[in-house]
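Here are the chains, one letter per residue:
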Amino acid sequence: MKSIRTYLLFSLLAIITLVTFFSVLHGYQSSIAKAEQLFDERLQHLAEIIAITNQDREPRQEDSSAHSSSVFFEIWSSELDLLVYSHNAPMEFLTSTENKESFKNVNFNGYRWRSFTLYDQRLDRWIVTGERIDIRYGLAENIVTASIIPIVLAIPIAGFIIWWAIGLGLKPLKTLAIQLSNKEADDLSAVALNESPQELTQLVTTINALLRRLTSAFLREQRFSADAAHELRTPISALKVQIHNLQQKNKYDENELKPLAAGIERMAYVIEQILSLYRHSPEQGLVQKTKVDLCAIAQQVIAGNYESFSEKNQNISLNSESDFMLQANTFAIETLIHNLVMNASKYTHEQGDILLTIRNADSVIQLVVEDSGIGIPETELDRVFERFYRVAGDRHASGMLGCGLGLAIVKHIVDLHGAKIKLEQSVELGGLKVIIDFPRDEI
Amino acid sequence: MLINSVILILREVLEAALIVSVFLALSQKLQLSKRWLMPALLFGFATAAIYALNIQVISQAFEGVGQEIVNASLQVVIFGCIALFVFFIKNAQNHKRIAFIMMCCVSMAVTREGAEIIIYIQGLIAIPELRSPVLIGSIIGAGIGISAGVFFYYLIASLSFKNGLRLGLFLLILIAGGMIMQASQLLIQADLISSQQALWNSSSFLNERSLTGQLLYALIGYEATPAPIQVYMYICSLFIMITLTVRTLNHFKQREII
């Protein structure tokens, strides 16, 4: 069912039409039968009047040519001699003398006639009256049809009224749908309907209960995130200090402590990434967006991680025409650029090139990060956004520290900002090229 | 005249409305596009108008039985389209072919029924005394026919896939059988197949000129005094349709769709 309104309109109109038209047909047939009866009575009365007003038995033809030719009359003697007759009457006795009063349909003069025969006992004669059936049927039909026309014309009017009434009845549903569709992603406040109809009360109650549960679930998770961040970071920091102290004491073999230090480093990294992934999940929908300068953030991230690039003698450059303002979450954009440039650095060999470009393209602001690294095979491009997925599995060729969450976080941030991400091979540098299109209307 | 107009228009509209509504409802059930409908209706109306305007030339063709032959041919084509539709719906990949078959079938049905309606109204509307009863009768007949179509559409659409498909295909069997019955009657009128002694006479039980008789004529091709050849052709058409329907239903059953 595409539309409730259309369904109700057509089904109601079809039912009304069927019921009304069948009633009309039934009414038509009854009315025609009643009209026939009335015409028969009229014919009978005409015969009786002729019997009373014609007292003589002299044969003659009445001059009735000036009158209607649809009615005839004649008076026959008991020996069936024609005594009196109208100009259009048949010259032979077409009815029967079996009954003293009888109706019969007869054919003459090229028409079908309804005739009535009356025996006048007082003067021992037969009086016959007749009327053309086609004319009296046409008359009856015109009278009955005139009463049907308004009913037939009323159907389209009923259609308009039903359309309007259904629209009125569905208004609360429409209001509810508009309220729900106008809700911002982070708006989990209850929906309210003025005078909500009985049928929608349960729906509104359920939606509001669901929104309440969702709000409390988000708040619980936010608390968990904050607690986990604090509870996990503190012992890790303590562990880092402890391992540093142990390394200073020269009491232990440096080679024995190295894997321990690397394990702690990896644990710290994974925890940070998991918390970051959670914070930027689009389902959260609760991030605060402000006006941010994409170019400034990129410069900040590059400067902050310059040590990593210089360690590998990598050339990193930022190519930006002017300031690009975005309506976005500063921390999220920072994480996004950080993850992209660090990914590029990780998978690019020493003395390789990394290029960041920010530019206007059609109706979007485009952020492009490309490198001269090993890139990602085309068959794996679809999977790299999955959580904990690493190209070529755990034994990654680069041997770099990673947990497969970097691009998953990037995807979350992209979704959170209504942007689009595309991965391809860089034509200029030969490595991976990540293109992110931020919608301009978000600015 | 009003009753005569109601019966004639209802008979024609009901046939076309049933075909359109069953195809539309089955398109919905089989998740096929409904875009075939508008071109089919427009093409059907246009060819109906052309047919009605050239009725004199057509009826004089084939030694005066042109109209019967054209109508019978249209009905055989409609039967063929319905049979092909039932045959092809087994495979959803045939959707373009199915849409084309439905388009052909509906446009043929609209041509046939539309032309009859135009010829009937055109012939009688010129007589002033008959204008009002003929027009009102036509509106009532068309109203009942279209409403019945809407009713069947929503009935099939509201049923489950299994029951909707079954009802739709059952109606198509009846419509297809009716088409062959009517075509054979027209061919008898045209003296192309011999009319023999009627197999039975059910006029006293149900007169084919009555409203119910005409409704059944539109739905299943009811005739009170059928010639043996008509009955044989009817049985053959039902046999073909039932075989195709059972094959299609079994196919859906095997794929555990119903």
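See the structure shown above.
Reading the values: rules and limits
Residues numbered from 1 in each chain as written. Chains lettered and ligands numbered in written order. Predicted model: local features only at pLDDT ≥ 70, side-chain atom pairs only at ≥ 80, totals over all residues. Helix = DSSP H or I, 4+ residues; strand = E, 2+ residues; numbered from the N terminus. Buried ≥ 20, exposed ≤ 12 C-beta atoms within 10 Å, placed from the backbone. Expected span 1.5 Å × (residues − 1). Bend = angle between axes of the 7 residues up to and from the residue. Pairing = 2+ DSSP bridges. Axes fitted to C-alpha atoms, helices over the stretch in contact; angles between N-to-C directions. Contact = placed C-beta atoms within 7 Å. Core = buried A, V, L, I, M, F, W, Y, C linked by C-beta atoms within 7 Å. Nonpolar A, V, L, I, M, F, W, Y, C, P; charged D, E, K, R; others polar.

Colleague: Quick rundown of the overall build of chain B? Include the residues and the values.
Modeller: Within chain B one finds 9 helices and 0 strands. Along chain B, helices (α) and strands (β) appear in the sequence α-α-α-α-α-α-α-α-α when read from the amino end. A buried classification covers 44% of the 258 residues belonging to chain B.

Colleague: Hey, could you go over helix H2 (residues 133–169) of chain A for me, with residue numbers and the actual values?
Modeller: Residue and element names in this part refer to chain A. Over its 37 residues, H2 extends 52 Å from the first C-alpha to the last, a length consistent with the 54 Å expected when each residue adds 1.5 Å. Where H2 bends most, at isoleucine 155, the angle is about 30 degrees, and the proline proline 156 comes one to four residues later. Arg136, Glu141, Val144, Thr145 and Ile148 are the residues of H2 that are buried.

Colleague: Give a description of the sheet that holds strand S11 (residues 364–371) of chain A that names residues and reports values.
Modeller: Residue and element names in this part refer to chain A. The strand order S8-S10-S11-S13-S12 describes an open sheet built from 5 strands, whose pairing is mixed. Each having just a single partner strand, strand S8 (315–320) and strand S12 (420–425) make up the two edges of the open sheet. Each strand of the sheet is rotated relative to its neighbour by a mean of 15 degrees, with strand direction disregarded. As paired strands, strand S10 (residues 353–361) and S11 are joined by 8 bridges and run antiparallel to one another. Bridging across to S11, arginine 359 finds its partner in glutamine 366.

Colleague: Go over the environment of B:Ser21 with me, naming the residues and quoting the values.
Modeller: Residues and elements named next belong to chain B. With respect to the secondary-structure elements, serine 21 resides in helix H1 (residues 2–29). Note: C-alpha distance between serine 21 and phenylalanine 152 (131 residues apart in sequence) is 6.5 Å. Ignoring sequence-local partners within four residues, the contact set of serine 21 consists of Gly149, Val150, Phe152 and Tyr153.

Colleague: Residue-level account of unusual backbone geometry, with values.
Modeller: One non-glycine residue, A:Asp124, lies in the positive phi region at around 50 degrees. One can find A:Asp124 in the loop between strand S5 (111–120) and strand S6 (125–132). Owing to 11 C-beta atoms within 10 Å, A:Asp124 belongs among the exposed residues under this scheme. Positive phi outside glycine occurs at B:Gln31, with the angle close to 55 degrees.

Colleague: Explain the nonpolar core to me, and be specific about the residues and the numbers.
Modeller: Counting residues in hydrophobic clusters, the biggest one holds 79 residues, and the most contacted among them are B:Ile19, B:Val22, B:Ile82, B:Met102, B:Cys105, B:Val106 and B:Ala176. A total of 17 residues in this core trace back to one element, the largest contributor, which is H1(B). Membership of the second largest hydrophobic core comes to 38 residues, among which are A:Val301, A:Ile376, A:Val410 and A:Leu416.

Colleague: Mind laying out the environment of A:Tyr137, listing which residues take part and the relevant values?
Modeller: Residue and element names in this part refer to chain A. Within the fold, tyrosine 137 resides in helix H2. With 17 C-beta atoms packed within 10 Å, tyrosine 137 lands in the partly exposed category. A sequence separation of 101 residues divides tyrosine 137 from glutamate 36, and the C-alpha atoms of the two residues are 7.7 Å apart.

Colleague: Hey, could you go over the interface of chain A and chain B for me, with residue numbers and the actual values?
Modeller: Each partner contributes residues to the interface: chain A has 17 residues there, and chain B has 15 residues. Secondary structure elements with two or more residues in the side of chain A that touches chain B: helix H1 (4–53) and H2 of chain A. The leading source of residues in the side of chain A that touches chain B is H1(A), at 9 residues. Partitioned by chemical class, the residues of the side of chain A that touches chain B number 11 nonpolar, 5 polar and 1 charged.

Colleague: Pulling in residues and values, what's your account of the pairing of strand S13 (residues 432–439) of chain A?
Modeller: All names here are of chain A. Note that S11 and S13 share 7 bridges and pair antiparallel. For glutamate 370, the partnering residue across the bridge sits in S13 and is lysine 433. Relative to S13, S12 is paired through 6 bridges, and the arrangement is antiparallel. Bridge pairing links leucine 423 to valine 434 in S13. Taking the residues that link successive antiparallel strands as the turn, the S12-S13 hairpin has 6 residues, and the phi of glycine 430 there is positive, at about 90 degrees.

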